[in-house]
Amino acid sequence: MYRENYINVLREEIVETVANHLSPAAVKYGYSEMPLETNIKWRPMVLIIGNYSSGKSSLINEFLGADLQDTGQAPTDDSFTVLTYDEAADEGERIEVTEERDGKVLLNDPEYPFSTLRKQGQRFAAHFRLKKSNSPFLKDLAIIDTPGMLDSVTERDRGYDYQEVIGDLAQKAGLVLVLFDAHKAGTIREAYKSIRETLSAATFEDRVIFVLNRIDECSSFNDLLRVYGTLCWNLSQITGRKDIPMIRLTYSPNAAPKATGAAAYRKAEYLPLLENQREDLKRAILDTPRRQLDHLASFVEIQGERMIHYMEALSSFREQRRKFRLKKILTGTVASLFFGGLAALFIMMLGLLDPMLLGGGSGAAAVLFMLFWMTYIQKRQEAGFLQSVVADVDTLTDVEDQTRKDSWDAVREMVRKHLEKEKGGYSLFDLKRELTALRQTVEQASQEIREAMSEVAALSDDEDADFDIPILSINEISRPVGLGEEYYQSFRYNV
Ligand SMILES: Nc1nc2c(ncn2[C@@H]2O[C@H](COP(=O)(O)OP(=O)(O)OP(=O)(O)O)[C@@H](O)[C@H]2O)c(=O)[nH]1
Ligand SMILES: [Mg+2]
């Protein structure tokens with residue numbers, strides 16, 4: 001219990017760190033439209049995807065200990081269902097659905113992390129819902145049951161972008177189970193592609209578990225081996241890799257028809273050997289909160305690194321523009337002086353040699369020219385400068401190693417779009433100050449999170465202790481919204 005609580009508190013603290021120390025600058029400088037914690041603020045989630053009738057809902061019911069999800073032959077359920085724990089419900093009662101919420105509430109209530117799916121529209125909202133239950137399995141995690149995958153032609157009729165929804169949910173999830181049934185493995189290709197594209201390569205292996213389900217339907221052990229072999233081959237085709245990911249083999253005893261006679265005897269020979277696979281799978285699912293912590297720790301490091309790179313590029317743009325401006329002002333001044341000289345010459349040629357007239361005339365000409373230079377010529381040159389930087393944003397940064405290259409790849413387009421839209425209209429002074437603060441925050445937070453994580457690894461379940469002390473001291477430093485001077489000072493003197 002202690003370990004679970006520690007994990008929960010640590011998760012909340014990491015989310016708080018992101019919300020207080022990363023999000024304000026992320027939103028202010030257009031690094032992210034939504035606060036960065038939108039995707040990670042809720043409970044750890046397990047996303048279950050797979051072909052239709054691959055037994056997703058049956059397996060979920062098996063784990064939850066009651067038939068909370070509809071199951072059936074042929075495509076049964078075309079909705080995304082979030083199953084979560086009802087803190088208010090009585091645990092001793094029969095396991096059941098205690099409350100339901102529809103998609104609109106889920107997409108609009110800031111308590112939930114699904115606002116990013118609003119853009120999928122009405123049809124999606126109508127196929128999205130939440131069920132609360134008193135199943136103890138859900139105490140520290142939520143499960144998302146998904147509509148079965150169909151072939152790609154039928155997918156287009158859904159009225160929302162199915163692949164995009166899967167990709168979005170996979171990003172929020174701490175664990176993704178990809179289910180296959182013995183008969184069809186091919187239709188998984190597109191969903192696989194979308195999760196491969198949205199999940200970072202660093203966490204992909206740790207985040208996805210492949211499951212061959214309904215193995216009780218194989219007619220013999222040999223048949224199971226054949227099915228397994230086919231799935232491995234299909235997976236290597238889909239993933240484009242020679243090494244096969246680990247595949248768990250399981251089935252849902254409650255969904256499997258009770259076989260009798262010779263068939264039962266045949267099945268009995270291999271099924272008992274594989275019972276432990278379902279237990280392993282269950283353990284892996286229950287370990288999602290701990291896995292999620294790993295993701296959150298790398299989330300802070302990766303997002304921090306990228307944000308720093310992003311803000312460095314914006315800062316570099318303003319530095320370059322300042323140099324460009326100075327150069328142009330200098331050129332303008334020289335040109336104005338020259339123009340003033342020309343005016344003096346012209347006045348002299350007219351035979352007007354009064355020194356007051358000469359001085360006044362040439363001075364006025366110089367000032368007028370300078371005004372013209374500043375308001376027209378220089379403006380145009382600056383627009384040209386902005387365009388040339390936007391066309392080649394790589395000039396804004398050095399990518400000296402692979403880590404920098406990766407973070408630059410992730411933010412390059414964002415930098416370009418931001419410059420194009422905002423045209424550098426932000427205060428360089430504020431930006432630099434916030435960048436310094438961000439560097440310190442990311443360094444301190446990463447270190448504290450790593451330390452707390454090794455404490456989690458060392459904790460055993462039955463340890464009993466009090467821990468109302470905040471785990472991450474970085475959260476003691478409060479930050480007023482808008483990252484004003486006050487914040488900066490308090491940060492400086494506290495760290
Ligand atoms: N023999 C056997 N049948 C199963 C197993 N799991 C599910 N079934 C049956 O397969 C059918 C489909 O199961 P569901 O759990 O509805 O599958 P699903 O993946 O949720 O399907 P959709 O929601 O329609 O995509 C049902 O009739 C189940 O009873 C299993 O492990 N063994
Ligand atoms: Mg289902």
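Refer to the structure presented above.
Scoring rules and cut-offs
Residues numbered from 1 in each chain as written. Chains lettered and ligands numbered in written order. Predicted model: local features only at pLDDT ≥ 70, side-chain atom pairs only at ≥ 80, totals over all residues. Heavy atoms only, no water. Salt bridge = Lys/Arg side-chain N within 4 Å of Asp/Glu carboxyl O. Helix = DSSP H or I, 4+ residues; strand = E, 2+ residues; numbered from the N terminus. Buried < 20%, exposed > 50% of the residue type's maximum accessible area, 1.4 Å probe, protein only. Phe/Tyr/Trp six-rings, centres within 6.5 Å; stacked < 30°, edge-to-face > 60°. Lys NZ or Arg CZ within 6 Å of the ring centre and 35° of its normal. Pairing = 2+ DSSP bridges. Contact = heavy atoms within 4.5 Å. Near = heavy atom within 4 Å. Polar contact = N/O pair within 3.5 Å; in protein donor to acceptor, adjacent residues only side chain to side chain. Areas by Shrake-Rupley, 256 points an atom, 1.4 Å probe, with all protein chains shown as cover. Axes fitted to C-alpha atoms, helices over the stretch in contact; angles between N-to-C directions. Parallel < 35°, antiparallel > 145°, perpendicular 65-115°, else oblique. Nonpolar A, V, L, I, M, F, W, Y, C, P; charged D, E, K, R; others polar.

Let's talk about the pattern of salt bridges
- One pass over the full model with this rule turns up 25 salt bridges.
- A salt bridge links Lys-405 to Asp-409, with the shortest nitrogen-to-oxygen separation between them at 3.7 Å. In this pair, Lys-405 and Asp-409 are both assigned in helix H14 (residues 402-422), 4 residues apart and thus about one turn of the helix distant.
- Here Asp-409 falls in the partly exposed class, since its relative accessible area comes to 41%.
- In this structure, Arg-433 and Asp-430 form a salt bridge, with 3.5 Å as the shortest nitrogen-oxygen distance. Taken together, the residues Arg-433 and Asp-430, both in helix H15 (residues 428-458) and 3 residues apart, mark about one turn of the helix.

A word on the packing of aromatic side chains
- Considering all chains together, one arrives at 19 aromatic pairs under this definition.
- Ring plane angle 90° and centroid distance 6.2 Å describe the contact between Tyr-29 and Tyr-426, whose orientation is recorded as edge-to-face. Here Tyr-426 lies in the loop between H14 and H15 and Tyr-29 lies in the loop between helix H1 (2-28) and strand E1 (45-50), a separation of 397 residues in the sequence. Side by side, Tyr-29 and Tyr-426 carry an identical accessibility label, which is buried.
- Taken together, the ring pairs connect Trp-42, Phe-80, Tyr-112, Phe-114, Phe-124, Phe-128, Tyr-160 and Tyr-162 into an aromatic cluster.
- Above the plane of the ring of Tyr-426 lies Arg-318, whose end atom (NZ or CZ) is 5.6 Å from the centre.

Observations concerning the pairing of strand E4 (residues 128-133)
- The buried fraction of E4 is high, at 5 of 6 residues.
- Pairing of strand E3 (residues 97-102) with E4 involves 5 bridges; the strand directions are antiparallel. Note that in E4 the partner of Glu-100 across the bridge is Lys-131.

A look at unusual backbone geometry
- Of note, the phi angle at Ser-53 is positive, near 60°, even though the residue is not glycine.
- Its location among the elements puts Ser-53 in the loop between E1 and helix H2 (56-64).
- Given a relative accessible area of 16%, Ser-53 falls into the buried group.
- In the Ramachandran plot, Lys-423 falls in the positive-phi region, its phi being about 55° despite a non-glycine side chain.

Thoughts on the environment of Pro-289
- Its location among the elements puts Pro-289 in helix H12 (residues 288-349).
- Residues Pro-289 and Leu-175, spaced 114 residues apart in sequence, show a C-alpha to C-alpha distance of 9.2 Å.
- Non-local contacts of Pro-289, meaning those with residues more than four positions away in its chain, are made with Ile-7, Pro-44, Asp-140 and Leu-141.

Some remarks on the site of ligand 1
- Taken together, 24 residues form the shell around ligand 1, and within it Lys-56, Ser-57, Ser-58, Thr-76 and Asp-216 come nearest.
- Between ligand 1 and the protein, one listed contact pairs an oxygen atom with a side-chain N or O atom of Lys-56 at 2.8 Å.
- Surface burial for ligand 1 is 95%, taken as the share of its 640 Å² of free accessible area covered by protein chains.

Observations concerning the packing of H2 against helix H11 (residues 271-286)
- The contact between H2 and H11 brings their axes to 12 Å, and the two run at 80°. As the angle between them shows, H2 and H11 are arranged roughly perpendicular. Contacts between H2 and H11 involve Leu-59, Glu-62 and Phe-63 from the former and Arg-278, Leu-281, Lys-282 and Ile-285 from the latter.
- Partitioning the contact of H2 with H11 into residue classes produces 4 nonpolar, no polar and 3 charged.

A few points about the side chain of Asn-213
- In this structure, Asn-213 sits in strand E7 (residues 208-213).
- When its relative accessible area of 1% is taken as the criterion, Asn-213 is described as buried.
- Among the polar contacts listed, one links the side chain of Asn-213 to the backbone oxygen of Ser-54, at a separation of 2.8 Å.
- Ignoring any residue separated from it by four or fewer positions in sequence, one finds Asn-213 in contact with Ser-54, Gly-55, Leu-59, Leu-179, Phe-180, Asp-181, Ala-182, Thr-250, Tyr-251 and Ser-252.

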